[in-house]
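Each chain is listed here by its residues.
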Amino acid sequence: MTVTLEVSDSVGTIRLDRPPMNALDVAVQDRLRELAEEATRREDVRAVILYGGEKVFAAGADIKEMQEMDHTAMVLRSKALQDSFTAVARIPKPVVAAVTGYALGGGCELALCADYRIAAENARLGQPEILLGLIPGAGGTQRLARLIGPSRAKDLIFTGRMVKAEEALTLGLVDRVVPAAEVYEQAHAWAAKLAKGPALALRAAKESVDAGLETDIDTGLTVERNWFAGLFATEDRERGMRSFVEEGPGKATFR
């Protein structure tokens, strides 16, 4: 399989495995959507890691495959392309991208679908589609601008340049830079910690933030208020507050 989902200790790892560069062809795109939907459904998956292996995250789309597509073919395909990445972005659980080597084009766009990005010191990120006479088509013009701001996003998209890990950190494109050998380990530690947290509250937090970024603040506050009040119906809220009162903060065990 070109993409797999492996689950351990409530952490699901969606692993790209299409050597040598994890090019994101149609089959990979469709498989990503299937596994994102599976990770969403499965109760034994409480957090998710996106990972391309030790050498490369994903170097972009399969250009040879794309070159064969004409306008009609891409009109028919482009929605499915975006839907695959949106399925990853909408996993209602914490998602971390463990980025090694190249994360370019669709690879960068896939990393943008995560809630948090840990990059290797050797990572290189960018949106080079302009060099092909194109623009990002899997959410890059939207998610990148929301993450790092429009002017910085336009710089990367207009020039197509790659940025090294340290510049990506400065831009806010990644959240942490670590030695390459530690990328997956640290991503797993981040995910495993959250996998022990209150699942519904984490979902509420993620959906509130994401929905708020896509609407006006009054609507966002309504989303937040509804989730906040709704969590008072959960067992985890009862356990968390009881533990806080009886034992102090940070000692609750959630189900």
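Residues numbered from 1 in each chain as written. Predicted model: local features only at pLDDT ≥ 70, side-chain atom pairs only at ≥ 80, totals over all residues. Heavy atoms only, no water.

Caption draft 1: View of the layout of surface pockets. Approximately 950 Å³ is the volume attributed to the largest pocket. Every residue lining the largest pocket is counted, 35 residues in all, and those nearest its centre are A89, L112, R143, D210 and E214. Of all elements in the fold, only α3 (71–89), α5 (140–148), α8 (183–195) and α9 (199–213) reach the threshold of two or more residues within the lining of the largest pocket. Ranked by residue count, the leading element in the lining of the largest pocket is α9, at eight residues. Tallied by class, residues from the lining of the largest pocket come to 18 nonpolar, seven polar and 10 charged. (1 Å grid on protein atoms, 1.4 Å probe; cavity = no way out; pocket = protein on both sides within 12 Å on 5 of 7 lines; lining within 4 Å. Points joined across faces, edges and corners; volume = space filled by probe spheres on them. Helix = DSSP H or I, 4+ residues; strand = E, 2+ residues; numbered from the N terminus. Nonpolar A, V, L, I, M, F, W, Y, C, P; charged D, E, K, R; others polar.)

Caption draft 2: The sheet that holds strand β6 (residues 116–120), seen in detail. With respect to topology, six strands assemble into an open sheet ordered β1-β2-β3-β4-β6-β9, the strand pairing being mixed. Among the strands making up the open sheet, the edge pair consists of β1 (3–8) and β9 (176–178). Between one strand axis and the next, the sheet turns through 20° on average, direction left out of account. Helix-sheet contacts for α8 involve β1, β2 (11–16), β3 (47–51), β4 (95–99), β6 and β9, and the interaxial angle to β4 is about 175°. (Pairing = 2+ DSSP bridges. Axes fitted to C-alpha atoms, helices over the stretch in contact; angles between N-to-C directions. Contact = heavy atoms within 4.5 Å.)

Caption draft 3: Structural context of the sheet that holds strand β7 (residues 124–126). The strand order across the open sheet formed by three strands is β5-β7-β8, and the pairing between neighbours is mixed. Pairing within the sheet leaves two strands with one partner each, and these edge strands are β5 (102–104) and β8 (162–164). If you compare each strand with its neighbour and ignore which way they point, the axes differ by 20° on average. Pairing of β7 with β8, which is carried by three bridges, proceeds in the antiparallel orientation. Within the sheet, the bridge partner assigned to L125 lies in β8 and is V163.

Caption draft 4: Geometry of the packing of aromatic side chains. Under the counting rule described, the total for this entry stands at three aromatic pairs. Geometrically, the ring pair formed by Y116 and W190 is stacked, given 5.2 Å between the ring centres and 5° between the ring planes. Note that Y116 is positioned in strand β6 and W190 in helix α8, a separation of 74 residues in sequence. Across the pair, W190 and Y116 agree in class, each one buried. (Phe/Tyr/Trp six-rings, centres within 6.5 Å; stacked < 30°, edge-to-face > 60°. Buried < 20%, exposed > 50% of the residue type's maximum accessible area, 1.4 Å probe, protein only.)

So far we have only geometry, and geometry alone does not tell us how the molecule works.
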